[in-house]
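# Commentary on secondary and tertiary structure
So the chains spell out like this:
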Amino acid sequence: MHKIMIRDFGPIDNAELSISQTTLLIGEQANGKSTIIKLIYYFRRFQLFYSTLYAKKQFDTWRDFRKAYLSQMKTIFTNTFGNTRTLGEFQLEYVFADNRSITITPSSGNEYLNIRFSDQLNARLRDLWNSALGIEALAEIFDDSYACVYIPAGRALLSRQALLDMIQTNELSVAFQPASYSAFDLIDAMTRDYMREVSAMRAVLARTDLASLVQMVENPEQRDSFRYMYELQKVILKGEYNTDGRHDYLVLGQNKKVPFSYASSGQQEVIWITNLLLGFALNGGKRNCILVEEPETHLHPDAQYALVKFISAYQNLTGSQILITTHSPYIISSLNNLFYASKISKSKNWDSIHAIIPRQSWMDEEAFQSYSVENGSLVDIKDADLVMADISRLDSIASRQDDEYEAMLRLPAEGIG
């Protein structure tokens, strides 16, 4: 099991997190939820960028390759988290497997970044470089068979038509090149990754719409799951997505088409969560590690529940890992329902539970963990007996509001002066 350790980085003083199949992070804004999820994504991109650089065959020695590899990862780090001089003294470590880890610290004086591979990881990567083994051996070296996908907050802006058109005609459509500079350098590297995923999936959906892709699935059980997800997407969007590769629409009843740039902010926020996950699942069902920031943004509670069911159905189809950050008590209560359905399925009638919550959305309660990010550290909020997240951690404002209201009711009547 992968593990990340964070010391004195941004709002995080001291945190250690083992990566489970389903991980939920809650907490107030600016407490460090995004910091944690972005660091996880960053470390798990080391595997991809090794293979990307390796495929170019531009280096004669392991030393030259390693220097270019680390230089690229340092550029991505500072592009995402800021200049080393401003970050203070910190230590980050990501453990992939026994004796295989990466540690990042600032140099003395905070002038530059130190990225250190553990001895075993360095030896394994060097041996891969010098051997005739295929690059697929990286998955074993990093103990990671998942492709990592980061879905940021603020997705509505990234769904705008003009921006999507620009993506297809600039460097965002190719691999990250730190030597090139443009207006898009104002966008951090992780958001650029997300935009590339959207651009690639949009091109696929321009050739074949989701409804047609669902019908192409031969396995009846899988087709039922895909259809379930597709119907949930329509519930969430209150319509269907359609694109010709240049123009995106929300198709309403009686074939009304609304340009997606004029759709509601909630629809724009959620569309590429659902499109990407459906597309990934339909494209061979490859396992991903999906990191989603605030999936609830601008969504009604009913749509939030449908989205959680959608994400769970995707996880069940593909065996993917899911990490979610949220401010929403509805996201937590939705997850709790799905965990509870899975738990009682071991002792109660499956069909009866399925009639209440479709089995495609049951979530494995044994592979779930939840934490509140507060005061610079992580607080475990999973109830070990109920196997649920403690929703009161996020919904405490309701109690304070009630207390204030009761206090005002108890005030004595006085004349208005």
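Quick caveat: nothing in here was measured; it's all calculated off a predicted structure.

Counting its secondary structure elements, the protein chain contains 16 helices and 16 strands. Going through the 417 residues of the protein chain one by one, you find that 50% of them count as buried. Once local pairs closer than 6 in sequence are excluded, the contacts in the protein chain between residues at least 24 apart make up 66%. When the accessible area of the protein chain is evaluated, it comes to approximately 19,900 Å², of which 49% is carbon and sulfur surface.

The next subject is the packing of helix α2 (residues 46-56) against helix α3 (residues 62-81). Axis separation between α2 and α3 bottoms out at 10 Å; the angle between their running directions is 130°. Classed by the angle they form, the pair α2 and α3 counts as oblique. In the packing of α2 onto α3, the handedness of the crossing is right-handed. Touching Phe-46, Gln-47, Phe-49, Tyr-50, Leu-53 and Tyr-54 of α2 are Trp-62, Phe-65, Ala-68, Tyr-69, Gln-72, Met-73 and Ile-76, all from α3. Here the residues of the contact of α2 with α3 sort into 11 nonpolar, two polar and no charged.

Applying the stated criterion across every chain, the model contains three cavities of 30 Å³ or more. Lining the second largest cavity are Leu-205, Asp-209, Leu-210, Tyr-241, Asn-242 and Thr-243. The element that contributes the greatest number of residues to the lining of the second largest cavity is strand β8 (residues 240-243), accounting for three residues. Class assignment of the residues belonging to the lining of the second largest cavity gives a composition of three nonpolar, two polar and one charged.

Counting 60 residues, the largest nonpolar core has Leu-24, Trp-272, Leu-277, Phe-280, Ile-290 and Tyr-314 as the members making the most contacts within it. Per-element tally for this core: the top contributor is helix α12 (residues 265-282), with 10 residues. Leaving out residues up to four positions away in the same chain, Leu-24 has contacts with Ile-324, Thr-326, Ile-332, Leu-335, Phe-368, Gln-369, Ser-370, Tyr-371 and Ala-389. Listed in part, the 56 residues of the second largest apolar core include Phe-46, Phe-90, Leu-128 and Trp-129.

With that settled, the discussion passes to the side chain of Thr-105. Summarising the element assignment, Thr-105 is placed in strand β5 (residues 100-106). A polar side-chain atom of Thr-105 sits 3.2 Å from a polar atom in the side chain of Arg-116. When neighbours within four sequence positions are excluded, Thr-105 is seen to be in contact with Phe-90, Gln-91, Tyr-112, Leu-113, Asn-114 and Arg-116.

Turning our eyes to something else, we now look at the pattern of salt bridges. Using the criterion set out here, one finds 12 salt bridges in the structure. Across the salt bridge formed by Glu-365 and Lys-346, the nearest N and O atoms sit 3.1 Å from each other. In this pair, Glu-365 is assigned in the loop between α15 (350-356) and β13 (368-374) and Lys-346 in the loop between α14 (329-344) and α15, connecting sequence segments 19 residues apart. Look at Glu-365 and you get buried, because its relative accessible area is 4%.

Turning our attention to the sheet that holds strand β10 (residues 257-259). Taken together, the three strands give an open sheet; going across it, the order is β8-β9-β10, and neighbouring strands pair in antiparallel fashion. The outermost strands of the open sheet, each flanked by one partner alone, are β8 and β10. Adjacent strand axes in the sheet meet at a mean angle of 35° when their direction is disregarded. Bridge count for strand β9 (residues 248-251) against β10 is three bridges, and the pairing is antiparallel. Counterpart to Val-251 in the pairing with β10 is Lys-257.

Note on placement: Ser-312 falls in helix α13 (residues 301-318). Note on Ser-312: relative accessible area 0%, which makes it buried. Residues contacting Ser-312, with those up to four places away along its chain left out, are Leu-338, Gln-360, Ser-361, Trp-362 and Met-363.

Let's shift gears to the pairing of strand β11 (residues 288-293). Moving residue by residue along a regular strand, the side chains alternate between the two faces of the sheet. Counting buried residues along β11, six of its six residues qualify, which places the element largely inside the surrounding structure. Of the two faces of β11, the one carrying Asn-288, Ile-290 and Val-292 and the one carrying Cys-289, Leu-291 and Glu-293 are both buried. Here strand β7 (residues 147-151) runs beside β11; their pairing, made up of five bridges, is parallel. The partner of Val-149 across the bridge, within β11, is Ile-290. Across five bridges, β11 lies against strand β12 (residues 321-326) in parallel orientation. Note on β12: the bridge partner recorded for Glu-293 is Thr-325. Once you follow β11 into α13 and on to β12, the crossover reads as right-handed.

Conventions we followed
Residues numbered from 1 in each chain as written. Predicted model: local features only at pLDDT ≥ 70, side-chain atom pairs only at ≥ 80, totals over all residues. Heavy atoms only, no water. Helix = DSSP H or I, 4+ residues; strand = E, 2+ residues; numbered from the N terminus. Buried < 20%, exposed > 50% of the residue type's maximum accessible area, 1.4 Å probe, protein only. Contact = heavy atoms within 4.5 Å. Areas by Shrake-Rupley, 256 points an atom, 1.4 Å probe, with all protein chains shown as cover. Axes fitted to C-alpha atoms, helices over the stretch in contact; angles between N-to-C directions. Parallel < 35°, antiparallel > 145°, perpendicular 65-115°, else oblique. Left-handed = near helix turned anticlockwise from the far one by under 90°. Nonpolar A, V, L, I, M, F, W, Y, C, P; charged D, E, K, R; others polar. 1 Å grid on protein atoms, 1.4 Å probe; cavity = no way out; pocket = protein on both sides within 12 Å on 5 of 7 lines; lining within 4 Å. Points joined across faces, edges and corners; volume = space filled by probe spheres on them. Core = buried A, V, L, I, M, F, W, Y, C linked by side-chain atoms within 4.5 Å. Polar contact = N/O pair within 3.5 Å; in protein donor to acceptor, adjacent residues only side chain to side chain. Salt bridge = Lys/Arg side-chain N within 4 Å of Asp/Glu carboxyl O. Pairing = 2+ DSSP bridges. Right-handed = clockwise from strand over helix to strand, strands pointing away.

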